[in-house]
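Understanding the architecture of this molecule
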Amino acid sequence: MSATAARGLGGRIVAFFEMIKVAHTLFALPFALGATFLAAGGLPKPPLLGKIVLAVLLARTAAMSMNRLVDRRIDAENPRTRDRALPAGLLSPRFVLGTVIVSASAFIATAVWIGPLPFALSPIALTVVLGYSYTKRITSLCHFALGAALGLAPVGAWVAVRGTLELAPWLLGAAVMFWTAGFDILYSALDLEFDRAHGLHSIPVRLGLRGALRLAAGLHLAMVGLLAWLAVELELGNIFIGTVAAVAVALVFEHRLVQPEDLRRVNRAFFAWNVVISLSLLVAMMIEGWARGSAVG
């Protein structure tokens, strides 16, 4: 292989990983892992843990690829997104469509591998994560569709471990949904004028910047409330409760970074603070999971 071809291949690989936003895996995956520790009462069996991680990564790859494919023409017109892989011609629509098909098929196969109930629920999960890409064309509630897609990760992980649907994973999934919808509203504020001009739907378009920021804050308050409910439901200890309190403080700082008259720090609020939140909760859930297992044992 020539050096030119190698650079070309390397560039396409980089473009692919940039397209699916690998770093943003730190939003959903920690909650799926945390749910497995809570459900299993400690470290799940490594083969099952590997299957759960694989399922989350496959579902996310399918969802991100679908989103970029569906939005490629919109992205080409938006100055903020026109350098993405598809508008820039770094990847072809056929390749991205193939990625969606392969990832979705492999996700279903992984669900079969895990068990009957995960397999039965896998089409519902795929419908949500793939359908999100169309919602901004029809409703300002699109942020909640994205939240539901991420919120299904801990629910699916719990089902994979327990083989049953219980209240606890739904509380955690709802907390993730409200958290995601809140920070997606903050992020979509960057595209307010573009979305308004092109007839796209979002909470900032519907409520304006100030109304959207207030709603995002309310959703994050609801997230904290749901996590507190989860602590009561599972009788979690001071480590989890303390972490939830710290998350509440972090969310306050996140919202202080974003003001209607100054959106320059949205990206910092969107990524840095949310990674801190998800990883902190993961550590707390791992510790509490081990504590629950020890108490039962």
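Residues numbered from 1 in each chain as written. Predicted model: local features only at pLDDT ≥ 70, side-chain atom pairs only at ≥ 80, totals over all residues. Heavy atoms only, no water.

It is worth spelling out the overall build of the protein at this point. Within the protein one finds twelve helices and zero strands. Radius of gyration (C-alpha) of the protein: 20 Å, near the 19 Å computed for a compact globule of 297 residues. With the C-alpha coordinates of the protein rotated into their principal frame, the extents come out at 55 × 50 × 35 Å. A separation of at least 24 residues holds for 73% of the contacts in the protein among residues at least 6 apart in sequence. Of the roughly 13,800 Å² that the protein leaves accessible, carbon and sulfur atoms contribute 68%. Seen as two clouds, the 25 positive and the 16 negative side-chain charges of the protein have centres 6 Å apart. (Helix = DSSP H or I, 4+ residues; strand = E, 2+ residues; numbered from the N terminus. Rg over C-alpha atoms; globule rule 2.2 N^0.38 Å. Contact = heavy atoms within 4.5 Å. Areas by Shrake-Rupley, 256 points an atom, 1.4 Å probe, with all protein chains shown as cover. Lys, Arg positive; Asp, Glu negative; His and termini not counted. Charge placed at Lys NZ, Arg CZ, Asp CG, Glu CD.)

On to the side chain of Glu288, then. As for its position among the elements, Glu288 is in helix H12 (residues 266–296). Assessed through its relative accessible area of 6%, Glu288 is described here as buried. One polar contact links the side chain of Glu288 to the main-chain amide nitrogen of Gly237, over a distance of 3.0 Å. Ignoring sequence-local partners within four residues, the contact set of Glu288 consists of Leu38, Leu236, Gly237, Asn238, Ile239 and Phe240. (Buried < 20%, exposed > 50% of the residue type's maximum accessible area, 1.4 Å probe, protein only. Polar contact = N/O pair within 3.5 Å; in protein donor to acceptor, adjacent residues only side chain to side chain.)

Here we come to unusual backbone geometry. The backbone of Glu235 shows a phi angle near 55°, a positive value even though the residue is not glycine. Tracing the backbone shows Glu235 in the loop between helix H10 (203–234) and helix H11 (238–257).

As a further point, take the packing of aromatic side chains. Given two aromatic rings, their pairing is described by the distance between the two centres and the angle made by the two planes. Across all of its chains, the model carries eight aromatic pairs by this definition. For the ring pair Phe31 and Trp179, a centre distance of 5.2 Å and an interplane angle of 55° mean the geometry is tilted. On the criterion of sequence distance, the pair formed by Phe31 in helix H2 (residues 25–40) and Trp179 in helix H8 (residues 167–188) is long-range, its members being 148 residues apart. Accessibility expressed as a relative area gives 0% for Trp179, which makes it buried. The interplanar angle of 80° and the centroid separation of 5.0 Å between the aromatic rings of Trp179 and Phe183 together place this pair among those described as edge-to-face. Taken together, the residues Trp179 and Phe183, both in helix H8 and four residues apart, mark about one turn of the helix. Neither Trp179 nor Phe183 differs from the other in exposure class; each is buried. (Phe/Tyr/Trp six-rings, centres within 6.5 Å; stacked < 30°, edge-to-face > 60°.)

Helix H3 (residues 46–70) packs onto H2 with a crossing angle of 150° between their chain directions and a minimal axis gap of 10 Å. One way to sum up the angle between H2 and H3 is to call them roughly antiparallel. The handedness of the crossing between H2 and H3 comes out as right-handed. Along the contact surface, H2 presents Thr25, Leu29, Ala32, Leu33 and Thr36, while H3 presents Leu49, Ile52, Val53, Val56, Leu57 and Arg60. Of the residues that constitute the contact of H2 with H3, the class distribution is eight nonpolar, two polar and one charged. (Axes fitted to C-alpha atoms, helices over the stretch in contact; angles between N-to-C directions. Parallel < 35°, antiparallel > 145°, perpendicular 65-115°, else oblique. Left-handed = near helix turned anticlockwise from the far one by under 90°. Nonpolar A, V, L, I, M, F, W, Y, C, P; charged D, E, K, R; others polar.)

What follows concerns the nonpolar core. One recurring pattern in soluble globular proteins is that nonpolar side chains are buried together. In terms of nonpolar packing, the biggest core is built from 47 residues, with Trp179, Met223, Leu227, Leu230, Phe240, Ile277 and Leu281 touching the most fellow members. Within the residue set of this core, elements represented by two or more residues are H2, H3, helix H7 (142–162), H8, H10, H11 and H12. In terms of residues, this core owes the most to one element, H2, which gives nine residues. Filtering out sequence-adjacent residues up to four positions away, Ile277 remains in contact with Trp179, Met223, Val247, Ala250, Leu251 and Glu254. Core analysis: the second largest hydrophobic core is formed by 17 residues, Ala181, Leu213, Val258 and Val266 among them. (Core = buried A, V, L, I, M, F, W, Y, C linked by side-chain atoms within 4.5 Å.)

Turning to the environment of Leu69, a few remarks are in order. Along the chain, the position of Leu69 falls in helix H3. Exposure remark for Leu69: the relative accessible area of 11% places this residue in the buried category. In sequence terms Leu69 and Pro87 are 18 residues apart; their C-alpha atoms lie 9.7 Å from each other. When sequence neighbours within four positions are dropped, the list of residues in contact with Leu69 reads Leu86, Pro93, Val96 and Leu97.

Time to look at the pattern of salt bridges. Counted according to the given criterion, the structure contains seven salt bridges. A salt bridge links Arg162 to Glu166; its shortest N-O distance comes to 3.1 Å. Between Arg196 and Glu193 there is a salt bridge, and its shortest N-O distance comes to 3.5 Å. Residue Arg196 and its partner Glu193 are located together in helix H9 (residues 192–197), separated by three residues, close to a single helical turn. For Arg196, a relative accessible area of 43% puts it in the partly exposed group. Look at the salt bridges and you will find they share partners, linking Asp71, Lys136 and Arg137 into a network. (Salt bridge = Lys/Arg side-chain N within 4 Å of Asp/Glu carboxyl O.)

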